[in-house]
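Structural description and commentary
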Amino acid sequence: MTTTTGSCTSTLANHWMYYCFLIHVFLEQQQDEQALQLVSQLLFTTTDDQSNRHPSLLHQKVEDSSHYQGLFVQSNYLKAMTAVAYYNLRDFDTAQEHFLELCQRDPFRLEQMDVFSNILYVKESKAELSHLAHCAIRNDKYRPETCCIVGNYYSLKRQHEKAVQYFQRALKLDRSYLSAWTLMGHEFVEMKNTAAAIEAYRRAVDISPRDYRAWYGLGQTYEILNMQLYALFYYRKAATLRPYDARMWCAMGGCYLSLDKRSEAIRSYERAVSNHDREGIATQRLATLYKENGDFEKAAKCYQRHLDLQQRDNDDNDGNLTPLDEATAEALLYLAYYHKDHMNYNIAIRYASRLIEYPGQEKEQAKALLREIQSRIDSQRTFASSRANEKVEFSFSP
C-alpha cells in the first residue's frame, strides 16, 4: 500500500495540474518569482515530457510566449497568471502587455480583468480603462468583475460616490468578492469616511487574511486618525505578507518617526532602500535623519542616490528633464556644501549651478556658495603663483 501511495505521489508531482496548483499557491503567498518560473516550465512542457525538460529556462523572464513550442503555449490561464504575477511585482508595463495579449486571445474573458483595470488605474490610462469598462459591460454587466472595472473607472474620474455604488453592486453579486471590499475601502478613505473604510478593510481581511492591501489600508486609515500604534500594528501585518515591498517599510518608518523612535525609523527606511525604493521616499527620509544625527557621509550617499533615481526617471521619459522639486533642491544644496567642504570644487560647482534657475531660497544659497568657491579657487591660484615667484627669485639670487 505504501509503495502504491508513493508511486501515485511521484506521478502527481510530475503532472501538469500539480504545477498549475503550485502557481496558484505561489501567487496567493506573494511568491511571484517562483510562480513565473513554474509558468515558464509549463510553457516548455511537451506531450513527450511533462516534467522538467528545460530546467535551464526556468529563470528566464516570461515576456513573449510566441516563441515557445510547449503543450500549454496558448493557455489563457497561464497568460493570466503571468500577468497577475507581474502586477504583484509592480512591473505594470509588462503586466499590461500580457493582459492585452490575453484580451486579443479571448475578448469575452472577465476573469482577472479587474486586476487589469487596477493596472490601468495606477497608470491613469483613462481611455484604455473606459474601453475595458465598455467591453466588460457588453460581455456581462452582472458580473462582480465588471462592477469593479466600472468602479475603478469612476474612481479615476474622481467620482467616488459612483465608484462606491458599483463596488457595492459587486458585493451584492458576490459577498466574498475580496477586491470589491478593498477597493471600496480605498474610496471611503478618499471620501474621508474613515469609519466606513475601516469596516470595508476589516471585511476584506476576514475573507482573506493574506490580503496585504487591506492590512495596509487599515494602517493608512488609522494613521489618518493619528492613532500611530494601531497603524504600526497593521503596517507590520502588511510587511509580514510583503517583506520585499519598500512601501510597507516606508509606512512603518513614518509611524516610528511620529512616535519619536528614530533608530527604529532608520532601520525601517534602510530596509525599504534595500528592497528597491523606487519612489525614493525612504532615501529622502534617511538622508534627513542621517544629517540630523551628524552622519554626513551616509547623508551624502542618500542624497546622491536620490539624484540617481531622478536621473533614471529622466532616462525613462526619453531624456525629458523633470522640474526640480523641493527634495531634489535640498539634495543638490547639501551635496554642493559637502563637496565644497571636501575641496571637490568642480563637483560642488556642478551641483550648485543646477540651483541657479530654482525659484526657492536654495537659489540664493547656491549663488553665495558659488561665490565662496570661486573666492577659494582664486586664493589658491594666488597662493600658488606667489610660491612659484618665490622659488624663481631664490634660484637666481646672487
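Right above here is the structure, for reference.
Below, the structure is looked at part by part. Predicted, not measured: the structure shown is a model, and the values here were computed from it.

1. Description of the packing of helix α12 (residues 212-224) against helix α13 (residues 228-241)
Packing of α12 against α13 brings their axes to within 8 Å, and their N-to-C directions diverge by 160 degrees. Taken together, the axes of α12 and α13 lie roughly antiparallel to each other. Helix-helix and strand crossings are classified by hand; for α12 and α13 the assignment is left-handed. Residues Tyr-212, Trp-215, Tyr-216, Leu-218, Gly-219, Gln-220, Tyr-222 and Glu-223 of α12 form the contact with α13, whose participating residues are Gln-228, Tyr-230, Ala-231, Tyr-234, Tyr-235, Lys-237, Ala-238 and Leu-241. The residue makeup of the contact of α12 with α13, split by class, is 11 nonpolar, three polar and two charged.

2. As for helix α4 (residues 76-88)
A rise of 1.5 Å per residue sets the reference length of α4, with its 13 residues, at 18 Å; its end C-alpha atoms lie 18 Å apart and thus fit the reference within 8%. Within α4, 11 of the 13 residues are buried, which leaves it mostly tucked inside the rest of the structure. If you follow the buried residues of α4, they end up packed against α2 (16-28), α3 (32-43), α5 (92-105), α6 (113-122) and α12. The N-capping residue of α4, defined by a side-chain oxygen 3.4 Å from the backbone nitrogen of Tyr-77, is Ser-75. The first or second residue beyond α4 is Arg-90, which carries a positive phi of 65 degrees.

3. Overview of a nonpolar patch on the surface
Residues Leu-225, Met-227 and Tyr-230 make up a contiguous nonpolar surface patch of roughly 270 Å² in combined accessible area. On the basis of relative accessible area, Tyr-230 is assigned to the partly exposed category, the value being 47%.

What counts, and at which threshold
Residues numbered from 1 in each chain as written. Predicted model: local features only at pLDDT ≥ 70, side-chain atom pairs only at ≥ 80, totals over all residues. Heavy atoms only, no water. Axes fitted to C-alpha atoms, helices over the stretch in contact; angles between N-to-C directions. Helix = DSSP H or I, 4+ residues; strand = E, 2+ residues; numbered from the N terminus. Parallel < 35°, antiparallel > 145°, perpendicular 65-115°, else oblique. Left-handed = near helix turned anticlockwise from the far one by under 90°. Contact = heavy atoms within 4.5 Å. Nonpolar A, V, L, I, M, F, W, Y, C, P; charged D, E, K, R; others polar. Expected span 1.5 Å × (residues − 1). Buried < 20%, exposed > 50% of the residue type's maximum accessible area, 1.4 Å probe, protein only. Polar contact = N/O pair within 3.5 Å; in protein donor to acceptor, adjacent residues only side chain to side chain. Patch = residues over 30% accessible without salt bridge, like charges linked within 9 Å, V, L, I, M, F, W, Y side chains within 5 Å. Areas by Shrake-Rupley, 256 points an atom, 1.4 Å probe, with all protein chains shown as cover. Salt bridge = Lys/Arg side-chain N within 4 Å of Asp/Glu carboxyl O.

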